[in-house]
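A structural walkthrough
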Amino acid sequence: MSAEQVSSLCEQLVKAVTVIMDPASTQRYRLEALKFCEEFKEKCPICVPCGLKLAEKTQTAIVRHFGLQILEHVVKYRWNNMPRLEKVYLKNNVMGLISSGTQSILEEESHIKDVLSRIVVEMIKREWPQHWPDMLKELDTLSKQGETQTELVMFILLRLAEDVVTFQTLPTQRRRDIQQTLTQNMEKIFSFLLTTLQQNVNKYRRMKTDLAQQPKAQANCRVGIAALNTLAGYIDWVALSHITADNCKLLEMLCLLLNEPELQIGAAECLLIAVSRKGKLEDRKPLMVLFGDVAMHYILSAAQTADGEGLVEKHYVFLKRLCQVLCALGSQLCALLGSDSEVETPTNFGKYLDSFLAFTTHPSQFLRSSTQITWGALFRHEVLSRDPLLLAMIPKYLRASMTNLVKVGFPSKTDSPSCEYSRFDFDSDEDFNAFFNSFRAQQGEVMRMACRLDSRTGFQMAGEWLKYQLTAPVDTGPMNSKTGEGLCSIFSPSFVQWDAMTFFSESVISQMFRTLDKEEIPVNDGIDLLQLVLNFETKDPLILSCVLTNVSALFPFVTYRPEYLPQVLSKLFASVTFEVVEESKFVVSVQAPRTRAVKNVRRHACSSIIKMCRDYPQLVLPNFEMLYNHVKQLLSNELLLTQMEKCALMEALVLISNQFKDYERQKAFLEELMAPVAGLWLSAEMQRVLSDPEAFISYVGADNKIADPVMEDPSGLNRSRISFCVYTILGVVKRARWPAAMEEAKAGGFLVGYLPSGSPIFRNPCTEQVLKLFDNLLALIRTHNNLYMPEMVAKLGETFAKALDMLEVEKNAILGLPQPLLELYDSPVYKTVLERMQGFFCTLYDNCFHILGNAGPSMQQDFYTVEGLASQLISSAFINLNNIPDYRLRPMLRVFVKPMVLSCPPEYYETLVCPMLGPLFTYLHMRLSQKWEVINQRSILCEDDAADDNPESQEMLEEQLVRLLTREVMDLITVCCVAKRGAEHNSSVAVDGDDDEAMATDVTPPASAELTELGKCLMKQEDVCTALMITAYASLSWKDTLSCQRTTTQLCWPLLKQVLPGNLLPDAVSWFFTSVLKGLQIHGQHDGCMAALVHLAFQIYEALRPRYAELKVVMEQIPDIQRDSLEQFDSKLLNPTLQKVADKRRKDHFKRLITGCIGKPLGEQFRKEVHIRNLPSLFKKVKPSLETDVLEVNEDGEDLTVLFEP
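Residues numbered from 1 in each chain as written. Predicted model: local features only at pLDDT ≥ 70, side-chain atom pairs only at ≥ 80, totals over all residues. Heavy atoms only, no water.

**Here we look at the overall build of the protein chain**
A tally of regular secondary structure across the protein chain gives 58 helices and two strands. C-alpha atoms of the protein chain, sized along the principal axes, occupy 105 × 80 × 75 Å. Split into buried and exposed, the 1206 residues of the protein chain put 53% on the buried side. Considering only intrachain contacts with a sequence separation of at least 6, the fraction spanning at least 24 residues in the protein chain is 76%. (Helix = DSSP H or I, 4+ residues; strand = E, 2+ residues; numbered from the N terminus. Buried < 20%, exposed > 50% of the residue type's maximum accessible area, 1.4 Å probe, protein only. Contact = heavy atoms within 4.5 Å.)

**Concerning the environment of Y560**
Along the chain, Y560 falls in the loop between α26 (541-554) and α27 (565-576). Spatially, the C-alpha atom of Y560 lies 9.2 Å from that of I527, the residues being 33 residues apart in sequence. Those residues in contact with Y560, other than ones at most four positions away along the chain, are F513, K518, I521 and V523.

**Considerations on the packing of aromatic side chains**
Applying the stated criterion across every chain, the model contains 46 aromatic pairs. Consider the rings of Y316 and F424, whose centres lie 5.9 Å apart with planes at 55°: the pair is tilted. Separated by 108 residues along the polypeptide, Y316 in helix α16 (residues 313-336) and F424 in helix α21 (residues 418-425) bring together distant segments of the chain. An angle of 75° between the planes, with centres 6.2 Å apart, marks the rings of F660 and F669 as edge-to-face. Owing to a relative accessible area of 6%, F669 belongs among the buried residues under this scheme. Over the ring of Y663 we find R763, and its NZ or CZ is 3.6 Å from the ring centre. (Phe/Tyr/Trp six-rings, centres within 6.5 Å; stacked < 30°, edge-to-face > 60°. Lys NZ or Arg CZ within 6 Å of the ring centre and 35° of its normal.)

**So, the confidence of the model for the protein chain**
Within the protein chain, residue pLDDT values average 89, and 91% of them lie at 70 or more. Here residues 1183-1206 scores under 50 on pLDDT; set against residues more than four positions off or in separate chains, the count is 19 contacts. (pLDDT = per-residue confidence, 0-100.)

**Overview of unusual backbone geometry**
Most of the time, phi is negative for any residue but glycine, and the peptide bond is trans. For the bond running from W128 to P129, omega is 0°, close enough to zero to count as cis. By the element assignment, P129 lies in the loop between α6 (110-127) and α7 (135-143). Of note, the phi angle at D246 is positive, near 60°, even though the residue is not glycine. You can see D246 is positioned in helix α12 (residues 240-257). Judged by its relative accessible area of 61%, D246 falls in the exposed class. Phi at N247 takes a positive value of approximately 55°, unusual for a residue other than glycine.

**Some points on helix α55 (residues 1123-1134)**
With twelve residues, α55 should cover 16 Å at 1.5 Å per step; its first-to-last C-alpha distance of 16 Å lies within 8% of that length. Restricting attention to buried positions, one finds in α55 the residues S1125, L1126, F1129, D1130 and L1133. Buried residues of α55, viewed axially, fall in a sector of 135°; they line one side. Here the buried face of α55 lies against α53 (1087-1104), α54 (1110-1116) and α56 (1143-1153). (Expected span 1.5 Å × (residues − 1). Arc of directions from axis to C-beta.)

**As for the nonpolar core**
In this structure, W375, F696, F896, Y1033 and L1056 are the most contacted members of the largest nonpolar core, which totals 376 residues. What F896 contacts, discounting residues up to four positions off in sequence, is F849, L852, G853, L873, A877, F878, P891 and M916. Counting residues in each nonpolar core, the second largest holds six residues, with M806, Y887, L957 and L961 among its members. (Core = buried A, V, L, I, M, F, W, Y, C linked by side-chain atoms within 4.5 Å.)

**A few points about empty space enclosed by the protein**
Counting across every chain of the model gives five cavities of 30 Å³ or more. For the largest cavity, the calculated volume is near 60 Å³. Lining the largest cavity we find R967, M970, D971, T974, S1043, R1046, T1047 and Q1050. Counting residues per element, the ones that place at least two in the lining of the largest cavity are α47 (954-977) and α51 (1041-1059). The residue inventory of the lining of the largest cavity, partitioned by class, reads one nonpolar, four polar and three charged. In this structure, the second largest cavity spans a volume of roughly 40 Å³. The wall of the second largest cavity is formed by K407, V408, G409, F410, K413, D415, F491 and V496. (1 Å grid on protein atoms, 1.4 Å probe; cavity = no way out; pocket = protein on both sides within 12 Å on 5 of 7 lines; lining within 4 Å. Points joined across faces, edges and corners; volume = space filled by probe spheres on them. Nonpolar A, V, L, I, M, F, W, Y, C, P; charged D, E, K, R; others polar.)

**Here we look at the state of the cysteines**
Tallied over the full model, the rule gives zero disulfides. For C270, which is in no disulfide, the shortest distance to another cysteine sulfur is to C255 and amounts to 12 Å. Unpaired in terms of disulfides, C1025 finds its nearest cysteine sulfur in C977, a separation of 9.5 Å. (Disulfide = S-S within 2.5 Å.)

**Brief notes about the pairing of strand β1 (residues 751-754)**
For β1 and strand β2 (residues 760-762), the ladder comprises three bridges, and the chain directions are antiparallel. From the neighbouring strand, L751 faces β2, where its bridge partner is F762. In sequence, β1 turns back onto β2 through a hairpin of five residues, with G758 there showing a positive phi of about 100°. (Pairing = 2+ DSSP bridges.)

**Digging into the pattern of salt bridges**
The full count for this structure, using the stated rule, is 53 salt bridges. Across the salt bridge formed by K216 and E147, the nearest N and O atoms sit 3.3 Å from each other. Placement of K216 in helix α11 (residues 214-235) and of E147 in helix α8 (residues 147-166) is noted, with a sequence separation of 69 residues between them. Using a relative accessible area of 38% as the deciding quantity, one classes K216 as partly exposed. For E147, a relative accessible area of 16% translates into the label buried. A salt bridge links R938 to E955; the nearest nitrogen and oxygen atoms lie 3.9 Å apart. Placement of R938 in helix α46 (residues 909-941) and of E955 in helix α47 is noted, with a sequence separation of 17 residues between them. When salt bridges that share partners are traced, they join E122, K125, R126, R159 and D163 into one network. (Salt bridge = Lys/Arg side-chain N within 4 Å of Asp/Glu carboxyl O.)

**Regarding the environment of M253**
Relative to the helices and strands, M253 resides in helix α12. Put simply, M253 and V201 are 52 residues apart on the chain and 10.0 Å apart in space, counted from C-alpha to C-alpha. Not counting the four nearest positions on each side in its chain, M253 is found in contact with L194, L197 and Q198.

**Some words on α12**
Here α12 spans only 21 Å end to end across 18 residues, well under the 26 Å set by a 1.5 Å rise per residue. In the structure, α12 departs most strongly from a straight axis at N247, where the bend amounts to approximately 105°. For α12, the complete set of buried residues consists of L240, H242, I243, T244, C248, L250, L251, M253, L254, C255 and L257. Buried positions along α12 lie against α10 (186-207), α11, α13 (264-275), α14 (281-284) and α15 (293-308). (Bend = angle between axes of the 7 residues up to and from the residue.)

**Here we look at the side chain of T974**
On the secondary structure map, T974 appears in helix α47. The exposure class of T974 is buried, given its relative accessible area of 3%. Polar side-chain contacts of T974 include one of 2.6 Å to the backbone oxygen of M970. (Polar contact = N/O pair within 3.5 Å; in protein donor to acceptor, adjacent residues only side chain to side chain.)

**Some remarks on the side chain of Q659**
The topology assignment puts Q659 in the loop between α31 (643-657) and α32 (663-681). The class of Q659 is buried, set by a relative accessible area of 17%. Q659 has contacts with P617, Q618 and L621, leaving out every residue within four places of it along the chain.

**Section: the packing of α46 against helix α49 (residues 1013-1020)**
Where α46 meets α49, the closest approach of the two axes is 10 Å, and the angle between their N-to-C directions is 65°. Pair α46 / α49 crosses with right-handed handedness. Contacts between α46 and α49 involve Y909, E910, V913, C914, L917 and F921 on the former and, on the latter, E1013, L1014, C1017 and L1018. Of the residues contributing to the contact of α46 with α49, the split by class is eight nonpolar, no polar and two charged. (Axes fitted to C-alpha atoms, helices over the stretch in contact; angles between N-to-C directions. Left-handed = near helix turned anticlockwise from the far one by under 90°.)

Shown next as structure tokens:
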């Protein structure tokens, strides 16, 4: 083509590029220009000359960049069809551009350098080494021309390593060819990189002080930085011998550069990668050179200099890298020492610990936290933990922790040197708060490890700090708490100190009791501290909460001196009724809006009492009467405690009563304890209220219109009576038990017989009391479910129209929105009567189902044999489910259905569990299918709807709830049907967790996933079996990745395997198989899901294809399927005489067949495919490969001896 054509085309392209990049262009113009450029790249036969013309130095940077993009496009998409001469022409011209077609190193734009190096790498990926053996030589020659070219060569080598090794963006054979050739030439490449680095650094150092030579020095510096970046791309994966060659010359150079401000970050980065290397211990031994005098000196002096220059972002980033280097060094030391590699504790270990401690005491909270894992590894290490230098470090580490536990450094504040650093590291106070909480937990772990080595020191420090806090004056700081005048807020100086001290003493004391022998425990000191704490009085709720934690932490000392127990109990009981307002001024009613801080203190005191009774029941038993009288006194005033507090105290009594170990005595006690509840619950009025929705709404006051929605609440007392009864029943059912020891249970009259299997049958002393109240409980559940009927919702009063909605707190938790920090303590527990009403309904609903969920494990056969239990539950708990919202259905499944089913003995499967679960599963499938149908429709209809921009929008909440409900349902089905392997189900429903849980990629389900007895029982009933199968397989294409992965790996195959022996309808088989393929279409972009679904599809096809030709018909409908490959796969599968190919190869073949229906991430769906052809193999095949040739030829296995011939 003539030069004129090239010129005129180039002129048009320059205009088009100018329009695209001009901010003033209109949208239409810009699109037309873009279309012209794209069509040119795709179709024009003279791309190469045009690209080269546009890339000339005389053009503007934008135009040159576009010209180079054209050349890159040609290499990526047209290379395979280009004649050889044109390829050579393009390659020579591109190398010419590097040689003389760019501006000098300091003037050239970085995006030009980047695209130029990309073009070369794309050519290397297609032609090296087979067709371009001299590539490395050419790069070497280019680098000799000057800094500009050397920098570009660095970029090329780095990009090549990233594409081939790090991101692996090319076909396997090409990748292997290139990587092996790189490895063969690594010695040359490494020496080239090192020499480049050394020469340029030397020149830079010589010239940097000379002003006349400044530009030259800068150019050398640029090349030095590029060489360090390139090294960083190689150090990660090359043989360790290259890194440690020449007496660790590379490491020595990197240490020297730590003191060179312009190059130090790059050097630290390389050093970090080198020191973090894993591999054979023997190969890693030379890394210990970094503990030598020279290296240590350079590392430490660099840290001191960087820190001494104040807070500058560049220096701070460098400090973080150095800190990581020291951490990685510590890890290497821990790995090498004590293994068989004959490494000894370095002489500079003390120096290392000092410098490491300097990072632990640095003002930056982020740096402090970075050191914790390494401290833990050192304290745990079998050799180092006995080293006197490390032991001497423990007091210093604990001292540092005392400072580090104090929560200061919020980015919005200026009350600590840490704040300035936090502004670099955290976007908001919430961010910092979340970080600090996990940092504190980590410190707790490490402190406990340190105290394992030296308990006494820790205890002594805790004692000193505690005494200091008890005598220090309270400083509330500038912000006053809303709880009351002169009280601390969570940011007050006094509170942050108390909070830190409490965490410290708790960690240290608990560890001391685990570590020291009984006779070594410093009982007198502990009791002295306990007395000081018990005598300390405060009216500040936040500080009192800390005091209570200290009481609990010191409580184990009371086991040595039981006479102090009454004092402890008095302290705790006084806190149960804690109020900020003085009682004498006016009678405090339950309705006074308490703040969370006050509620937390009271709850804290209750849980401390429960914990004490649970963990030390024998110790408390002698004081039972005193405890009982205390509680009776508190319960006598109906307004003094909230229902939850009353119930907590009753639970504590029940826990102690379990120690009577006498059925009749326990039963009599529980009868007495529950008498007030029974009287209230079984009264005629309560019976009427609990069984009639309208009467219920009226009784709890939800039909009122209220003038003052903050203070006025006439029906509060009625609600609290219902809550009190339900809480008490729950507490008793949860806590009353028979003795764990068989002999004691027998002697106490708890054993009533044995099951046919030989397991003992016990009776619970609470059974009679609880069953007496059972009918009304079911009536309440039925009424509560019926409240959701539209005609009942219409009867709610104006103030309470939303009484059955979720609380804001619950919504935020589901949407993952953080709570504002201060609100956690200063806000009232409920701001309005409506919120209080919502809280009432929510808690009541949950607690009723908690009772049903606990009834089975608690009362066992006495519960399961209740007359007509299945029909009673169906007509109460499962009534009106259609109107019950997802957020209520979820807890019902989790806290009632799941525990009840899991604890039910097999004898009652037929009479109780199957009649209940059958209709439930059928209903749940219908409900979820409809919900997902709506969501899918919605995403089709409103792709551009603005509602999605609002994170709190109702739709997002609903969708997230459907997701969580789906997980709950699938988990329930899995728990019912599939035998547990280990204890994984306990953790499987952290359902509020993030969706981005790390998904395992290797998810071949264990062959041992068998159905449980209950699963088999359910699968025997045709309608239940159908509901289970359809739910499991339909759920694969619902848009919830987590649920899909769990169902695929745990549930789908065991269910299908159960029905395989029967005669499945061909349509059903096709539907199951299609469902899995649909799942792949939706979830294929997630590696974990994709692997699991491919495995399942493969299992189904292999197992059922021989009986059902319909599966092949489904396969033929997969987009882009290769028919001949399918025929080949099928013939091998259907011919039983053929020897089976290895499982992995069959699966890979199958995966290739179904590739057309595996979904891709959005970013890849419309990407143009790049095809890189394989070149002739570099390595001659000496023998046929074991799996393919020999095994497939020798079908009858006669000539297998061939394999073993030398």
